[in-house]
Structures are given as C-alpha cells and as structure tokens.
Number of protein chains: 2
Amino acid sequence: MKSHPQINAQRLLQRIADFAAIGATSAGGVNRQALSAEDRAARRLLAELAVARGFGVHQDAIANLFIRREGRNPLLPPVLIGSHLDSQPTGGRFDGALGTLSAFEVLESLEDAGVRTERSVEVVSWTNEEGSRFSPGCMGSMAFVGAGDIDRWQHMHGIDGTELGDELAATLQALPEAEMRPIGRSVSAFVEVHIEQGPVLERAGVPIGIVTDVQGTRWLEISFIGEAAHAGTTPLEFRRDPMAATAAAIAHLQLDVMPADPMARLTVGRMIVEPSSVNVIPSRVTFTVDIRHPQEDVLSSIEAQVRAECRASAERHMVDVRIEKRFDLAPGKFDVAIVDAIGKACERLCVSSMKLVSGAFHDALFISRVAPTAMIFVPCRDGISHNEAEFVAAENIETGAKVLLETTLSLIGEQYLPR
Amino acid sequence: MKSHPQINAQRLLQRIADFAAIGATSAGGVNRQALSAEDRAARRLLAELAVARGFGVHQDAIANLFIRREGRNPLLPPVLIGSHLDSQPTGGRFDGALGTLSAFEVLESLEDAGVRTERSVEVVSWTNEEGSRFSPGCMGSMAFVGAGDIDRWQHMHGIDGTELGDELAATLQALPEAEMRPIGRSVSAFVEVHIEQGPVLERAGVPIGIVTDVQGTRWLEISFIGEAAHAGTTPLEFRRDPMAATAAAIAHLQLDVMPADPMARLTVGRMIVEPSSVNVIPSRVTFTVDIRHPQEDVLSSIEAQVRAECRASAERHMVDVRIEKRFDLAPGKFDVAIVDAIGKACERLCVSSMKLVSGAFHDALFISRVAPTAMIFVPCRDGISHNEAEFVAAENIETGAKVLLETTLSLIGEQYLPR
C-alpha cells in the first residue's frame, strides 16, 4: 500500500483567504471581474504558487489558465479539475475560487505525498465564467469546446466601455512565463467543485451534492422605445412611455411564470433608462430577462410567454419593442460514470451525499460536451451567492476537497486501501 | 382715436434669429446656460437694442435684467412683461427667448407708434429659469419675490464646477451701463408669453392658450432594498427581489393615478438597479417619481397613494422600502382679471384661444405670489421642448406677440378702437 495523499485543510483555507484579498470589497466579498487588473493579479498568484511547486503553467488564446502536474505518461489525456477565478461585481469569495483552489490543493497533496501518477493531472481556471463584465459568461469553457467565436468577442465592449480584445491581450501578457497552448484538447475527465449557490444541501443537512443535471438558461435583452417628453406637460393620452410598458410587462411575468412552475426561474437583473432625467418621460428602457428550467421545451414556452407579454405591453402603451436573445444554454446531463465515481468516493470517505440538479450553469456544462464530466457541490450559508455575504463553513470546504481528491485518484486509476 | 401700435412680425422673427445665433448648436438649438458667456452675450445684445431705442436698462443683485419704457407717471407700478434668455444645454431657440423678445417687440411697437402711456412698461429677463447649470431653476423670479436665499446660492457650484457667485459677479459686470436696482418691487401686473412645451394646443388647432393655473410638482426618490441572490438557484419562495416590487408598484400606479384624473401626471424618469448583473437578483432598485396636479390637496393624496402602494408592494415582496421627498413646489393660480384681459384681447383680435393648466413651472408661478399674473402659451411643433428640435411656426409667434401687445395696452389702461 502506498501512502495516501492528504488534503491540508489549513493550507486550503489560507489560500482561499489569500485570493479573497485580491479585489476584496469592504463588505467582505470580492470584485474580481473577468480580465480586470484584479483577475490578472489572481491568475498571477496561482501561477506563482504553481511554479513554486514545480508544476507547469499554460494558457490559451482566451486566457484559460492550466496548472499541470506531469504524469508518467505525458501522452495520456489528463484528468482536468478546477473552476474559475473571476467574480461578480459584488461577488462572494467562494464562487469559482473554491473549486479552483480545491483542485490546486489536490495537486499539492499529490506532490506532498510524492505520488507519481500514470496520467497527468491539470488544474484549470476558466476565463470569464460570470459574464458580468463581458457577456456571455463561460467564454473560456465555450471556446475550449469550440462553441465560442473568439474573433467576434475580441471587438465586444464591456459594461465599463473597455474592448475585450485589449483586456484579453493585457491578461495574456501579464503571465509571460505561461506556455501558450492551442484552445481545446483531449481530456480524460473533468470534475468541478463548486458551492451550491442555493439552499437545498444546507436545508437537507447534507455536505456533498453530486450534480446530475444543469438547468438550461436563456438571456433576453428587451428594449421598449417610446418618446421622450416633458413629465408635466404631456397628458396620459399623448404619452408613449416605455417605463410604463416595462413595469407592466415585468409585473405580469412575475405573477405568471414562477408561481406556475417551482422549477422555473425568471429574473430582471439589469435595466437602463434613457435619458434618465427625473422630469422627462423616458425615450427608451432596456432590461435583461434571465429564464431557467431543466426541460428545454418548458424553457421555450417560458421564452414565448415573455415575448408575448412584452409585445402585448408595447401595444397597450403605444411603444415599440425589440427583443434579442443574448444567451441560450441548453439543459445539460452529466456523465453517469463520473457521477458514480464521486458517489463511490463519498462512500469510501463515509461522507453522506445527495444527487442534485444545478440551477446555475457552470463551465462543466460546456466541458461535458467533449469529456466525461460531473460536479461536486458543497453547501453555502442560506443558499446565498453572487453576494458579498456568501459563506462556506470550513468543514464543508475540507470535505469537498477530500471528495475531489478521492475522485481524482480513482479517475487516474490510483488505488489505495481505505484508511 | 389714436394710431394703434402694430407688431412688426419681420423684426420679431429677425430678433429671434439673432438671439438664436448666441450659443447656437450644430443641431439648430442653443446652449446658453444661465450666467455663462453666451447668457452674458444675449443680455448684452438686449441691452444694446434697448439703449438704441432710448429705453432704460436696469439689473438687480441676481442679474434679473429690466428694460423700462417710462410712462407719464413714473411713480405708478409698471406693467411687467417678459420671460428668460437662458437655455438648457441642448435647448431650443424659443423656450424663454420667445417671451422675452415678444415683450421687447411690444415695447418697440409702442415706441414706433409714439404712444405715451400713463404707466411705465418694463420687459424682464429673469435669471436662471432652467436650473440646468445651477439648481434650482427660477432663481431670478424666486429672489424677486423673496423666496430665494441669494447668499446661500453664491457659494453653490454648477455642474461645470464653477461657483455661482463668480459667474453672477462677471455677469453683472458685463453690463456696466445697467443701473443697479434693489431686488423686488411693486408691479401692477406680470404677463409672460411662452411656448406650451406640450401637445395640447397643436392637436386642438388653437393658436393661443390662456394659462389659468400651474401644476404643483413633487419629486419622490424611492428605494426598494432586497437581497442579491443567484438568478438560477434561488426559488421564488426564498427571493427578496426589489425589481419585482418596483415593477408591481409602478404598474399599479400607472393604472390607478392618471386614468382616474386627467389633470394628474405621474412619471418614473430615472431608475438605478444594483448590482446590475443579468444573472443576479438585484439588491436594490432606486427610482424617481415626478407627480403633478393643479390642486394641492389632490397632489397630497396622490403622494399618499404612491407611498401606500410602495409600502404594500414592499410587504408583498418581502423587501424594505425608503421614500424621500426631493422637491415640493405648490400649485399656482393665476389672476382672474389678467386671465380675463388676455381672453378679451384675443376676442378683439378675433384669435381663438383656450384655457390651459401649465404642466411645467415658470417664473410667472413665483411672480404670481406678489402681483396679478397670467401666461400666454403658443403651440410648439409636436409639443417638443427642452430639445434642439423645438420649433414654433412664424404665424403663431406673431399671434402671441399681438395678444401680448393687446393685453399690455389694456393693462396700462390705453383704449383703442378695434381695427
């Protein structure tokens, strides 16, 4: 029997604290949006930690970052583990970072134990999972599986007016020691640890969720276009008020969609009003609608409902409406063998687990198109995520990393006697 | 019978074109904001025109500009006519200038006819009606009636960072020939010609509006505060969504307030969503509500309705609500005798007219607190104002000036046989 690699929980917690300091917000969260200076600083720190342990550092044209621990047979497709390091503008310290640093901890634990694996193991940090600065999200994993158009993305502008091409080039240049790699390659498996970002595990008192499916997501950008006019001198019958049309449409959709289907989600997270003057009826209101459901056909019927309601409201309010689909992600099913490997790892560790459907999309959803993939969820307090108050208990962080290590070992074919 | 003074329409149109050249924008509008170099140039031109006709030129400490045509009895309070010369940053050429130059045309027509009036007639250009550079607007007329705090205004900074006291001093010094006068004095009447800034006259096909009331205005700033959470993983029962609360409140108010009272106005012109991410349930939505009505008690009941609806929506959506009043301007009633004088003037000129309530506030609203006051509205194309596309047809400009002349003559007690 070989000596079993051990997760160093204190080291992992320290790493999470160190990365949380990059882009830290006063409220205890992080603002480390994709391709920003903060994102670059986090990538730099991970690369330095990798070099210090003798791991290889690689990046590709969309700035996906890979940390490689070479196996005996470099020609075998590696086992890939990891997540992302970018965050929402007022994000938490665990979304993405937990999975990336748990994966790095697995790599370090293998190194500590001096284990030589047949198959190489790689940690990945995918670029722009959040999509809050440059839309859509999951750019890195999309590009990796050939589902993204990098050339088109180059010229896209972020919400801060910057051009993606410029920010991407600066991000790549910030890691000169990283070896450039073509986008996309064969991997034997991908496993991603992530916080649940929902309340189910916590309420069930179960430390590990094994994700079998991912909800489909569609993003619509809707503009109501009316006519700017004086707030005081324009009687109701002469108004073409896009704000009135917007409020009516959203109010109806909130009453119709989610109450009718417990699996459905509808969210308006962003709204721009022009010209934005207190005493001027707006000329245009633009807002986003995020809809989710695990069944493709239901997702389509919800989208149809949104379009119909907006058209009806536009007609009632004598304004024009434009609806554009900005993002369309089909529901996903994870690989039965990987799901089974995670389940067996939990059994060996005597950790209770339950199977889940993810309400959030993740890079793993894209990678599952080209490699056997599954995810490990850990509970987060009150299910709160995309929020500076996001919190994961230390014991759950440790359990998640142990399950990832155990799963990784089984996927690279290393056998150990149970402790 | 004396010879009847005549409006010289060509001269008036030429004056309007001459003043529109001061601060002219490429789009055909004007940028002549209060106390700016352009504003000073317009005041200088008016003063030069006045001196050329032998009229007196006066200004006061807030830079209100008065052009006086002396009557037989200088001790009688004068009839005051006029408007303002400042504009919005992308304003039209008629808002303010039309009323000031129509009033000056009345003075010139009296001079042309060699009419000696018992009572003096004065043209006024009030300072900073627009309030776009230095807030609030109507500073000149407010100060004239003792409702403004000039000492406090001195230290206020404009949107361009300049200090009002400096700009005011430079403006006063730019007219050294103007005789300084204390602020506020007795006037026998005030009549202001202005564009309607709304669509009513044009759609009714009526050239003259006689303004009987000015709507009161209140501005509320409302914030719904919920909890940011993930758009995909947060089921309806766990959401505290301020956007859902906002949409429901605005939708209800749009259905309840204006349809129930044709005089009521309710406008949501500004909205800020935080953190403003497509896949995050917002933590806070802040928006403005502009409410207007000619009756103070109804205005109060509408405000109460807005507050009650927002509190109810906050409760339904499990979010908090904060409501702050940002602006409160009481409705104004114009003088019945002046309104009647304008009506009779229209009859003598065989000009059709209709009574109107002004949805916008004007300097006349403040002057009505100290002197018998009313306003004459002329139609503007498509009701468009505060816009470089603002346009008034030549025949409506001429009609407005004729009605102002006829009204002024009746107010100074001059009688003429109808032509």
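Per chain, residues are indexed from 1 in the order of the written sequence. Note on labels: chains are lettered from A, ligands numbered from 1, in written order. The model is predicted, so local features are restricted to residues of pLDDT at least 70 and side-chain atom pairs to those at 80 or more, both for listing and for counting; the totals for chains, interfaces and linings are taken over all residues. Where side-chain values are given, they derive from all heavy atoms of the structure, hydrogens and water being excluded.

**Quick word on the overall build of chain A**
No. 1: Scanning chain A for helices and strands turns up 12 helices and 17 strands.
No. 2: The globule rule used here is 2.2 Å times the number of residues to the 0.38 power, and the radius of gyration it is set against is calculated over C-alpha atoms. Since a compact globule built from 419 residues should have a radius of gyration of about 22 Å, the 23 Å found for chain A is in line with a globular shape.
No. 3: Taking the principal axes of its C-alpha atoms as reference, chain A extends roughly 85 × 45 × 40 Å.
No. 4: Exposure categories follow from relative accessible area, calculated using a 1.4 Å probe and restricted to protein chains: below 20% of the type maximum is buried, above 50% is exposed, and the middle band is partly exposed. Split into buried and exposed, the 419 residues of chain A put 62% on the buried side.
No. 5: Two residues qualify as a contact provided that any one of their heavy atoms is within 4.5 Å of a heavy atom in the partner residue. A separation threshold of at least 6 residues defines the contact pool for chain A, and within that pool the share at least 24 residues apart is 79%. For helices the rule is a DSSP run of H or I covering at least 4 residues; for strands it is a run of E covering at least 2, with both sets numbered from the N terminus onward.

**With respect to the domain arrangement of chain A**
One frequently used descriptor of interface size is the decrease in accessible area upon assembly of the parts.
All names here are of chain A.
No. 1: Note that domain bounds follow an automatic or database assignment of domains. Along its sequence, chain A is organised into domain 1 (9-214 + 332-411) and domain 2 (216-328).
No. 2: Relative to domain 2, the C-alpha centre of domain 1 lies at a distance of 34 Å.
No. 3: Every contact between the two is made by 12 residues of domain 1 and, on the other side, seven residues of domain 2.
No. 4: Here the quantity called buried area is the accessible surface, traced with a 1.4 Å probe, that two parts lose on coming together, added over both. Both sides of the domain 1 and domain 2 interface together cover about 700 Å² of buried area, and 62% of this is carbon and sulfur.
No. 5: Think of a polar contact as two N or O atoms within 3.5 Å of one another; within protein, one of them needs to be a possible hydrogen donor and the other a possible acceptor, and neighboring residues in sequence only count if both atoms come from side chains. At the junction of domain 1 and domain 2, the tally comes to two residue pairs in polar contact (both at pLDDT 80 or more).
No. 6: When residues are sorted by character, Ala, Val, Leu, Ile, Met, Phe, Trp, Tyr, Cys and Pro go into the nonpolar class, Asp, Glu, Lys and Arg into the charged class, and all the rest, Gly among them, into the polar class. Here the residues of the side of domain 1 that touches domain 2 are counted per class, giving seven nonpolar, four polar and one charged.

**Points about the side chain of Asp39(B)**
Residue and element names in this part refer to chain B.
No. 1: Relative to the assigned elements, Asp 39 resides in helix 2 (residues 37-52).
No. 2: For this count, His and the chain ends are skipped, Lys and Arg are scored as positive, and Asp and Glu as negative. Salt bridge criterion: a side-chain nitrogen from Lys or Arg within 4 Å of a carboxyl oxygen from Asp or Glu. Despite its burial, Asp 39 pairs with no opposite charge; the closest candidate is Arg 32, at 5.4 Å N-O.
No. 3: With residues up to four places along the chain from it excluded, the contact list for Asp 39 reads Arg 32, Gln 33, Ala 34, Leu 85 and Asp 86.

**Points about the nonpolar core**
Soluble, globular proteins show a tendency: their nonpolar side chains are buried together.
No. 1: Judged by nonpolar contacts, the single largest core of 96 residues is most densely connected at Ile67(A), Ile81(A), Trp153(A) and Ile342(A).
No. 2: Excluding residues within four positions of it along the chain, Ile81(A) makes contact with Ala103(A), Val106(A), Val121(A), Glu122(A), Val123(A), Val124(A), Phe190(A), Val191(A), Leu404(A) and Thr408(A).
No. 3: Core analysis: the second largest hydrophobic core is formed by 93 residues, Phe55(B), Leu172(B), Leu201(B) and Phe377(B) among them. To qualify as a nonpolar core, a set must consist of buried Ala, Val, Leu, Ile, Met, Phe, Trp, Tyr and Cys residues joined through side-chain atoms within 4.5 Å.

**A look at the UniProt feature "binding site: Zn(2+) 1" (unreviewed entry) in chain A**
Residue and element names in this part refer to chain A.
No. 1: UniProt positions are given in the numbering used here, feature names are shortened, and annotations may be inferred rather than shown by experiment. According to UniProt, the "binding site: Zn(2+) 1" (unreviewed entry) feature falls on His 84, Asp 95 and His 194. Sequence-wise these annotated residues cover 111 residues; spatially they are packed, their C-alpha atoms never more than 9.7 Å apart.
No. 2: Every residue in contact with His 84, bar those within four places of it in the chain, is listed here: Asp 95, Gly 96, Ala 97, Thr 100, Ser 125, Trp 126, Glu 129, Glu 130, His 194 and Asp 363.
No. 3: At a separation of 3.0 Å, a polar atom in the side chain of His 84 contacts the side chain of Asp 86.

**Examining the pairing of strand 1 (residues 56-59) of chain A**
Residues and elements named next belong to chain A.
No. 1: Pairing between strand 1 and strand 2 (residues 65-69): four bridges, direction antiparallel. By the bridge assignment for strand 2, His 58 is matched with Phe 66.
No. 2: What sits between the antiparallel neighbours strand 1 and strand 2 is a turn of five residues, in which Ala 63 has the positive phi angle 75°. Only strands joined by at least two bridges in the DSSP assignment are considered to pair.

**Some words on the pairing of strand 13 (residues 284-293) of chain B**
Residue and element names in this part refer to chain B.
No. 1: Among the 10 residues that make up strand 13, nine are buried, leaving the element largely enclosed by the rest of the structure.
No. 2: The pairing of strand 8 (residues 216-225) with strand 13 spans 10 bridges and is classified as antiparallel. Bridge pairing in strand 13 links Ile 222 to Phe 287.
No. 3: Note: strand 11 (residues 271-274) against strand 13, four bridges, orientation antiparallel.

**A few points about the pattern of salt bridges**
No. 1: Enumeration over the complete set of coordinates arrives at 66 salt bridges over all chains.
No. 2: Measuring nitrogen to oxygen at the nearest pair gives 2.7 Å for the salt bridge that ties Arg218(A) to Glu303(A). Of the two residues, Arg218(A) sits in strand 8 (residues 216-225) while Glu303(A) sits in helix 9 (residues 296-316), which places them 85 residues apart along the sequence.
No. 3: Here Arg218(A) falls in the buried class, since its relative accessible area comes to 4%.
No. 4: Linking Glu70(B) and Arg68(B) is a salt bridge whose minimum nitrogen-to-oxygen distance equals 2.6 Å.
No. 5: By sharing partners, the salt bridges in this structure join Arg11(A), Arg15(A), Arg53(A), Glu105(A), Glu108(A) and Asp112(A) into a single network.

**Focus on helix 9 of chain A**
Residue and element names in this part refer to chain A.
No. 1: By this rule, a helix spans an expected 1.5 Å times one less than how many residues it contains. Taking 1.5 Å per residue as the helical rise, helix 9 with its 21 residues ought to reach 30 Å, and the 30 Å between its terminal C-alpha atoms agrees with that figure.
No. 2: Listed as buried for helix 9 are Val 298, Leu 299, Ile 302, Glu 303, Val 306, Glu 309, Cys 310, Ser 313 and Ala 314. Around the axis of helix 9, the buried residues are gathered within 150° of arc, so they sit on the same side. When the buried face of helix 9 is taken as reference, the exposed residues oriented beyond 90 degrees from it are Asp 297 and Glu 315.
No. 3: Close packing links the buried residues of helix 9 with strand 8, helix 8 (242-256), strand 10 (265-267), strand 13 (284-293) and strand 14 (320-329). What the arc covers is the set of directions going from the helix axis to the C-beta atoms.

**Notes on the packing of aromatic side chains**
No. 1: Here a Phe, Tyr or Trp ring, Trp counted by its six-membered ring, pairs with any other such ring whose centre lies within 6.5 Å, and the pair is stacked when the planes are under 30 degrees apart, edge-to-face when over 60, and tilted otherwise. Enumeration according to the criterion identifies 19 aromatic pairs over all chains in this entry.
No. 2: Between the aromatic rings of Phe66(A) and Phe144(A), the centroid separation amounts to 6.0 Å while the plane-to-plane angle is 40°, which identifies the pairing as tilted. Highlighted residues: Phe66(A) in strand 2 and Phe144(A) in helix 4 (residues 139-144), separated in sequence by 78 residues.
No. 3: Note on Phe66(A): relative accessible area 2%, which makes it buried.
No. 4: With a centroid separation of 6.4 Å and an interplanar angle of 90°, the aromatic rings of Phe94(B) and Phe391(B) are classed as edge-to-face.

**Looking at the packing of helix 2 of chain B against helix 3 (residues 97-112) of chain B**
A packed helix pair is summarised by two numbers, namely the angle formed by the two axes and the spacing between the axes.
Residue and element names in this part refer to chain B.
No. 1: To define axes, lines are fitted to C-alpha atoms, for helices over the stretch in contact only, and angles between the resulting N-to-C directions are given on a 0 to 180 degree scale. Contact geometry for helix 2 and helix 3: axes closest at 12 Å, N-to-C directions at 5°. One element, helix 2, and the other, helix 3, form an angle in the roughly parallel class. Across from Leu 46, Leu 49 and Ala 50 in helix 2, the residues of helix 3 making contact are Thr 100, Leu 101 and Phe 104.
No. 2: Residues that form the contact of helix 2 with helix 3 fall into these classes: five nonpolar, one polar and no charged. Oblique is the label for any angle not under 35 degrees, not over 145, and not in the 65 to 115 range, which are roughly parallel, roughly antiparallel and roughly perpendicular in turn.

**A look at the interface of chain B and chain A**
No. 1: If you look at the interface, chain B gives 51 residues, while chain A gives 55 residues.
No. 2: Buried surface at the junction of chain B and chain A, summed over both partners, amounts to about 4,600 Å²; 62% is from carbon and sulfur atoms.
No. 3: Ranking the residues of chain B by area buried against chain A places His230(B), Thr233(B) and Val278(B) at the top, with a combined share of 14%.
No. 4: Across the chain B-chain A interface, the total number found is 15 residue pairs in polar contact (both at pLDDT 80 or more).
No. 5: Those elements that place two or more of their residues in the side of chain B that touches chain A are helix 7 (200-204), strand 9 (229-230), helix 8 (242-256), strand 10 (265-267), strand 11, strand 12 (280-281) and strand 13 of chain B.
No. 6: If one sorts the elements of the side of chain B that touches chain A by residue count, helix 8 of chain B sits on top with seven residues.

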